Amino acid sequence: MVAAKSAKKLNHGRRKGATMRDVSAFKWIRAMAAHLKQSGKLFVPNCTELMKQSHGNQRAPENPDWYFYRAASVLRHVYIHPGTGYGGLGKAFAIKKNNGSRPEKTVKATRGLLHWVCRSLEG
């Protein structure tokens, strides 16, 4: 009698590597922002203390590392949605503007800032 061959074990449900979609967005952005800051290769404009991220915001961000967080989130968004332009990024980072007693309105993010972030990430 011939011995039966053992069936190969297939790794159903197992992945060989993790992708960006497998990692929590907040954890990845925080880690990438720390890496960008530590590497020192990212160009940061001098006026980042004065910039608002949208005209719907009342003040500039209070976190001194906000530019690195925005760069990391732009990098993640472009990776997940290839071919995204400044208009699409502006929609992705849109916020609700407080109009006082009038109803809120969604406003896009400042595309000039997104332009600077993309230029910083290029080189």
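This is a predicted model, so every value here is computed, not measured. (Residues numbered from 1 in each chain as written. Predicted model: local features only at pLDDT ≥ 70, side-chain atom pairs only at ≥ 80, totals over all residues. Heavy atoms only, no water.)

(A) Structural detail: the packing of helix α2 (residues 66-80) against helix α4 (residues 111-122). Two numbers describe how α2 lies on α4: the axes approach to 10 Å, and their chain directions differ by 80 degrees. As judged from the angle between their axes, α2 and α4 are roughly perpendicular. Taking contact as the criterion, the partners of Trp-66, Tyr-67, Arg-70, Ala-71, Val-74 and Leu-75 in α2 are, on α4, Leu-113, Leu-114, Trp-116, Val-117, Cys-118, Ser-120 and Leu-121. Partitioned by chemical class, the residues of the contact of α2 with α4 number 11 nonpolar, one polar and one charged. (Axes fitted to C-alpha atoms, helices over the stretch in contact; angles between N-to-C directions. Helix = DSSP H or I, 4+ residues; strand = E, 2+ residues; numbered from the N terminus. Parallel < 35°, antiparallel > 145°, perpendicular 65-115°, else oblique. Contact = heavy atoms within 4.5 Å. Nonpolar A, V, L, I, M, F, W, Y, C, P; charged D, E, K, R; others polar.)

(B) Structural detail: the packing of helix α1 (residues 25-39) against α2. Two elements in contact, α1 and α2, have axes whose closest approach is 8 Å; the angle formed by their N-to-C orientations is 120 degrees. On the basis of the axis angle, α1 is oblique to α2. Note that α1 runs across α2; the crossing there is right-handed. Here α1 contributes Ala-25, Trp-28, Ile-29, Arg-30, Met-32, Ala-33, Leu-36 and Lys-37 to the contact with α2, which in turn contributes Phe-68, Tyr-69, Ala-71, Ala-72, Ser-73, Leu-75 and Arg-76. For the contact of α1 with α2, a count of residues per class yields 11 nonpolar, one polar and three charged. (Left-handed = near helix turned anticlockwise from the far one by under 90°.)

(C) Up close: α1. Between the first and last C-alpha of α1 there are 21 Å, a value that for 15 residues agrees with the 21 Å anticipated at 1.5 Å per step. What α1 keeps buried is the set Trp-28, Ile-29, Met-32, Ala-33 and Leu-36. All buried residues of α1 lie within an arc of 130 degrees about the axis, which places them on one face of the element. Turned more than 90 degrees away from the buried face of α1, the exposed residues are Phe-26, Lys-27 and Gln-38. Those residues of α1 that are buried are in contact with α2 and α4. Directly beyond the C-terminal end of α1, a positive phi value near 75 degrees is found at Gly-40. (Expected span 1.5 Å × (residues − 1). Buried < 20%, exposed > 50% of the residue type's maximum accessible area, 1.4 Å probe, protein only. Arc of directions from axis to C-beta.)

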